[in-house]
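Coordinate inspection notes
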Amino acid sequence: MADKEPIVTHVYTADPSAHVFNGKLYIYPSHDRETDIKDNDNGDQYDMADYHVFSMDTVGGPVTDHGVVLKQEDVPWVSKQLWAPDAATKNGKYYLYFPARDKEGIFRVGVAIGDKPEGPFTPEPDYIKDSFSIDPATFVDDDGSAYLFFGGIWGGQLQCWATGKFDKSGEEPTTGDALHAKVGKLTEDMTQFASPVTDVLILDPDTQKPIQAADHDRRFFEAAWLHKYNGKYYFSYSTGDTHFLCYAIGDSPVGPFTYAGRILEPVIGWTTHHSIAEFKGKWYLFYHDSTLSGGRNHLRCVKIREIVYDEQGRIGLAEPQPK
Ligand code: FUB
């Protein structure tokens, strides 16, 4: 089975967040770039400085690169590292959510606003109050309620917020409950949290207790994503150091979710990060690997695979993943 081709090869892309706006498929990825920074567990090599938006009318058809829609120097609070973004629409506006380090080196989440899905986007002057860590992912439910999921451990600093205040010596626990992703409801204008953020609980289907910290094959690491299928809410995520994309199913957008399985086995490159969306009656997994750069972790490329659901609502790949 041949591997999938990258959707574009003229730039490196990663962390694809896909949405259908006005009948067109839009992808909001990270824009990877060359750097001399050596790979480390802090992720310093992911030194991105701007975002492009891509769109297409059909999966597998031509892809339009809408160019740079937001750049680091235009965001007053940012010092570096524009990591995985996402986008949402409400009230006729489009919102680009993005994580970056503030001037003190602490990851925060910002929002930039535009009139069109392809941008450009004008950043709010400061980050979202009380935001922290990385990988924002939005979900707007059928009733118009909007949520922002986020969090990532190790370089993403989630472990530094165990007490509610930033502590740079914080470490991932080795026993007890795993660290949880976070979710907050957004205000009507989409620019702030409407209430304090809460934990995204992923329960073990056998014990109905939270997945444990030592369970690296199933615990949340980064790359939160929420989608809805057949009235159920699907929370999917990366397990990081074990390199799986997993998912859990719940009855509410804010959880709890019960662990349901793996979507994707490890890809070439250290990170794995995805989104899931329906387009023209089919469901797709948007993901990345490092094949375009010959395996360099920080130079990745976005790919697309069809997914299918079985009668129990379990996710499978439409075609098997090559070994
Ligand atoms: O692209 C930088 C970081 O790598 C993302 O924020 C993580 O999810 C991982 O893909």
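Residues numbered from 1 in each chain as written. Predicted model: local features only at pLDDT ≥ 70, side-chain atom pairs only at ≥ 80, totals over all residues. Heavy atoms only, no water.

- Per an unreviewed UniProt entry, the protein chain goes by the name Glycoside hydrolase family 43 protein and belongs to Macroventuria anomochaeta.

Re empty space enclosed by the protein
- Applying the stated criterion to the full structure yields 2 cavities of 30 Å³ or more.
- Of the voids in this model, the largest cavity is the one considered here, and its volume is about 50 Å³.
- What lines the largest cavity is simply Ala178, Leu179, His180, Val200, Ile202, Ile211, Arg219 and Phe220.
- Partitioning the lining of the largest cavity into residue classes produces 6 nonpolar, 1 polar and 1 charged.
- When its volume is computed, the second largest cavity comes out at roughly 40 Å³.
- Residue lining of the second largest cavity: Ser17, Ala84, Pro85, Asp86, Asp135, Pro136, Ala137, Ala224, Trp225 and His273, and that is the complete set.
- Here the lining of the second largest cavity is composed, by residue class, of 6 nonpolar, 2 polar and 2 charged. (1 Å grid on protein atoms, 1.4 Å probe; cavity = no way out; pocket = protein on both sides within 12 Å on 5 of 7 lines; lining within 4 Å. Points joined across faces, edges and corners; volume = space filled by probe spheres on them. Nonpolar A, V, L, I, M, F, W, Y, C, P; charged D, E, K, R; others polar.)

Quick notes on the sheet that holds strand β19 (residues 274-279)
- The antiparallel open sheet is built from 4 strands, whose spatial order is β19-β20-β21-β22. Two strands lie at the open edges of the sheet, namely β19 and β22 (315-317), each paired on one side alone. Strand-to-strand twist of the sheet, defined as the mean angle between neighbouring strand axes without regard to direction, takes the value 40°.
- Where β19 and strand β20 (residues 282-289) come together, 6 bridges link them in antiparallel fashion. The residue bridging serine 275 from the neighbouring strand is phenylalanine 286, located in β20. (Pairing = 2+ DSSP bridges. Helix = DSSP H or I, 4+ residues; strand = E, 2+ residues; numbered from the N terminus. Axes fitted to C-alpha atoms, helices over the stretch in contact; angles between N-to-C directions.)

Topic: the sheet that holds strand β15 (residues 222-229)
- Within the open sheet, the 5 strands sit side by side as β14-β18-β17-β16-β15. Their pairing is mixed. The two strands at the open ends of the sheet, each matched to only one other strand, are β14 (202-203) and β15.

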